[in-house]
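Listed below, chain by chain, are the residues.
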Amino acid sequence: MTQFRVGIGHDIHRLGASRPLILGGVGVPSDSGLHGHSDADVVLHAVCDALLGAAGMGDIGELFPDSDPQWKNMPSRIFVREVLGRIRLNGWRVENVDVMVHAERPKLGPRKQEMRAAIAQLLEIDAECVGVKAGTNEGQDAVGRGEAIACSAVALLRREAGGAIS
Ligand code: MG
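Please read these numbers as outputs of a predicted model, since none were measured by experiment.

Definitions and limits used
- Residues numbered from 1 in each chain as written.
- Predicted model: local features only at pLDDT ≥ 70, side-chain atom pairs only at ≥ 80, totals over all residues.
- Heavy atoms only, no water.
- Helix = DSSP H or I, 4+ residues; strand = E, 2+ residues; numbered from the N terminus.
- Buried < 20%, exposed > 50% of the residue type's maximum accessible area, 1.4 Å probe, protein only.
- Lys, Arg positive; Asp, Glu negative; His and termini not counted.
- Salt bridge = Lys/Arg side-chain N within 4 Å of Asp/Glu carboxyl O.
- Polar contact = N/O pair within 3.5 Å; in protein donor to acceptor, adjacent residues only side chain to side chain.
- Contact = heavy atoms within 4.5 Å.
- Donors = N, O, S within 2.8 Å, 3.2 Å for Na, K, Ca; no water.
- Pairing = 2+ DSSP bridges.
- Axes fitted to C-alpha atoms, helices over the stretch in contact; angles between N-to-C directions.
- Phe/Tyr/Trp six-rings, centres within 6.5 Å; stacked < 30°, edge-to-face > 60°.
- Core = buried A, V, L, I, M, F, W, Y, C linked by side-chain atoms within 4.5 Å.

A. Quick look at the side chain of Arg-159. Tracing the backbone shows Arg-159 in strand 7 (residues 148-160). Buried and unpaired, Arg-159 has no salt bridge, with Glu-160 as the nearest side chain of opposite charge at 9.3 Å. Of the polar contacts made by the side chain of Arg-159, one reaches the backbone oxygen of Asn-90; its length is 2.8 Å. Once residues within four sequence positions are removed from consideration, Arg-159 is found in contact with Met-1, Thr-2, Gln-3, Asn-90, Gly-91 and Trp-92.

B. Quick look at the coordination of the magnesium ion. Protein ligation of the magnesium ion involves Asp-11 (OD), His-13 (NE2) and His-45 (ND1), the donor distances falling in the range 2.0 to 2.2 Å. On the primary sequence, the residues serving as donors to the magnesium ion are separated as D-x1-H-x31-H. Placement of the pair is His-13 in strand 1 (residues 2-17) and His-45 in helix 1 (residues 42-55), with a sequence separation of 32 residues. Grouping residues by exposure puts His-13 and His-45 together as buried.

C. Spotlight on the sheet that holds strand 7. One open sheet holds the five strands; their spatial order is 4-1-7-5-6, and the pairing between them is mixed. At either end of the open sheet lies a strand with only one pairing partner, and these are strand 4 (33-34) and strand 6 (130-135). One ladder, built from nine bridges, connects strand 5 (residues 93-102) with strand 7; its direction is antiparallel. By the bridge assignment, Met-100 is partnered in strand 7 with Ser-152. In this fold helix 1 packs onto strand 1, strand 4, strand 5 and strand 7, with an angle of close to 155° to the strand it touches most, strand 1.

D. Representation of the packing of aromatic side chains within the structure. Considering all chains together, one arrives at three aromatic pairs under this definition. Their ring planes at 90° and their centres at 5.0 Å tell us that Phe-64 and Trp-71 sit as a pair that is edge-to-face. Residues Phe-64 and Trp-71 agree in their burial class; the two are buried. Centroid distance Trp-71 to Phe-79: 5.6 Å. Interplanar angle 80°. Geometry classified as edge-to-face.

E. Up close: the nonpolar core. Formed by 49 residues in total, the largest nonpolar core has its most connected members in Leu-23, Leu-51, Ile-87, Val-94, Val-99, Leu-123 and Ile-149. A total of eleven residues in this core trace back to one element, the largest contributor, which is helix 1.

F. The arrangement of unusual backbone geometry in detail. Pro-106 follows Arg-105 through a cis peptide bond whose omega is -10°. Turning to its location among the elements, Pro-106 is positioned in the loop between strand 5 and helix 4 (112-123). A positive phi angle is found at Asn-73, which is not glycine, with a value near 60°. Along the chain, the position of Asn-73 falls in the loop between helix 2 (60-63) and helix 3 (76-89). Non-glycine residue Glu-138 carries a positive phi angle of around 55°. Using a relative accessible area of 67% as the deciding quantity, one classes Glu-138 as exposed.

What follows is the structure, given as structure tokens:
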């Protein structure tokens, strides 16, 4: 019997840091980056939480607490790979991931396909199994004022009966 589980993730980080802007594992030209303990990749953080949520395995804050110095400035692709390894140990495979980035600036349209390819490569799935959309917040709230970037993500996992390794 095949099991399916869906999970949701959401994250927001403040813009204005003197560091590169990394979204979905991709460097995006910007006059500032995101504040955060790791590389602050809000897209990959949302993806991690969607995967963990679908597998019923907690959240990114439990696995990689920002109080732990070992995660300081850590590339978030490391988190994705760790999460992927953990859910695989429980027999889960990633069916698809869909991402919605909320950003007033910079404009992300030119980078969407690059993010899609990067996320697919990290998750070892086809690019057609990854959706990356981007939108503004119409000038409303912190995202709309260009003070923050947020991301929502959903993930669908599949497990075959007897698929758990642990
Ligand atoms: Mg985060």
